[in-house]
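Coordinate analysis (summary)
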Amino acid sequence: QVQLVESGGGLVQAGGSLRLSCAASGRTFSAYAMGWFRQVPGMEREFVAAISWIAGVTFYADFVKGRFTISRDDAKNIVYLQMNSLKPEDTAIYYCAVKPQTIVGLRSPLKYNPWGQGTQVTVSS
């Protein structure tokens, strides 16, 4: 089983940057991809970005293209989400998660398991 721990959230002004980290332990080699999602209270969890574990192919939601970058450190089993040009609407709890198998359903939170505990990102205007 894979365990995930996110860190790096916080409070930042609009236009600022944050880098989130997701440290993975356990059977990470069996995962197809690692993803980042975010959720605002009362709203559904939405896809932000994902990276395939072996090839490093990246995928992004349209609303973060050009601002966020997902990357991984194979040696440390850490996935990063560099967030630049942050906007107040980026305020949410950010979660990382494992997509166990194929690319099918990459953008659906239902296809990911397990999940980290989440880290709060707050962007002030």
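Everything discussed here concerns the structure shown above.
Owing to the predicted nature of the structure, the values given are computational and were not obtained by experimental measurement.

Structural notes on the state of the cysteines
The final tally for this structure, using the stated rule, is one disulfide. Here Cys-22 pairs with Cys-96 through a disulfide, and the sulfurs are 2.0 Å apart. Disulfide Cys-22-Cys-96: the torsion about the S-S bond is 65 degrees, which places it as right-handed. Of this pair, Cys-22 sits in strand E3 (residues 18-25) while Cys-96 sits in strand E9 (residues 92-99); the two residues are 74 residues apart in sequence, bridging distant segments of the chain. Per residue, the accessibility class of Cys-22 equals that of Cys-96, and both read buried.

What to know about the pairing of strand E8 (residues 78-83)
Strand residues, when the strand is regular, have side chains that alternate between the two faces of the sheet. Extensive coverage of E8 is indicated by the burial of five of its six residues. Pairing analysis gives six bridges linking E3 to E8, with the strands arranged antiparallel. Among the inter-strand pairings, Arg-19 is bridged to a residue of E8, identified as Gln-82. Linkage of strand E7 (residues 68-73) to E8, two consecutive antiparallel strands, is achieved through a turn of four residues, within which Asn-77 is found at a positive phi near 55 degrees.

Topic: the packing of aromatic side chains
Summed over all chains, the structure comprises five aromatic pairs. Their ring planes at 75 degrees and their centres at 5.7 Å tell us that Phe-37 and Phe-47 sit as a pair that is edge-to-face. Pair noted here: Phe-37 is in strand E4 (residues 33-39) and Phe-47 is in strand E5 (residues 46-52), with a separation of ten residues, a long-range link. There is no split in this pair, since Phe-37 and Phe-47 are both buried. Their ring planes at 75 degrees and their centres at 4.8 Å tell us that Phe-37 and Tyr-112 sit as a pair that is edge-to-face. Here Phe-37, found in strand E4, pairs with Tyr-112, found in the loop between E9 and strand E10 (119-124); they are 75 residues apart in sequence, far enough to count as distant. Accessibility expressed as a relative area gives 4% for Tyr-112, which makes it buried. By the ring-pair criterion, three or more aromatic residues cluster together here, those being Phe-37, Phe-47, Tyr-95, Tyr-112 and Trp-115. The ring centre of Tyr-95 lies 3.8 Å from the NZ or CZ of Arg-45, which sits over that ring. Positioned above the aromatic ring of Trp-115 is the side chain of Arg-45, whose terminal nitrogen or guanidinium carbon lies 4.6 Å from the ring centre.

Criteria and thresholds
Residues numbered from 1 in each chain as written. Predicted model: local features only at pLDDT ≥ 70, side-chain atom pairs only at ≥ 80, totals over all residues. Heavy atoms only, no water. Disulfide = S-S within 2.5 Å. Helix = DSSP H or I, 4+ residues; strand = E, 2+ residues; numbered from the N terminus. Buried < 20%, exposed > 50% of the residue type's maximum accessible area, 1.4 Å probe, protein only. Pairing = 2+ DSSP bridges. Phe/Tyr/Trp six-rings, centres within 6.5 Å; stacked < 30°, edge-to-face > 60°. Lys NZ or Arg CZ within 6 Å of the ring centre and 35° of its normal.

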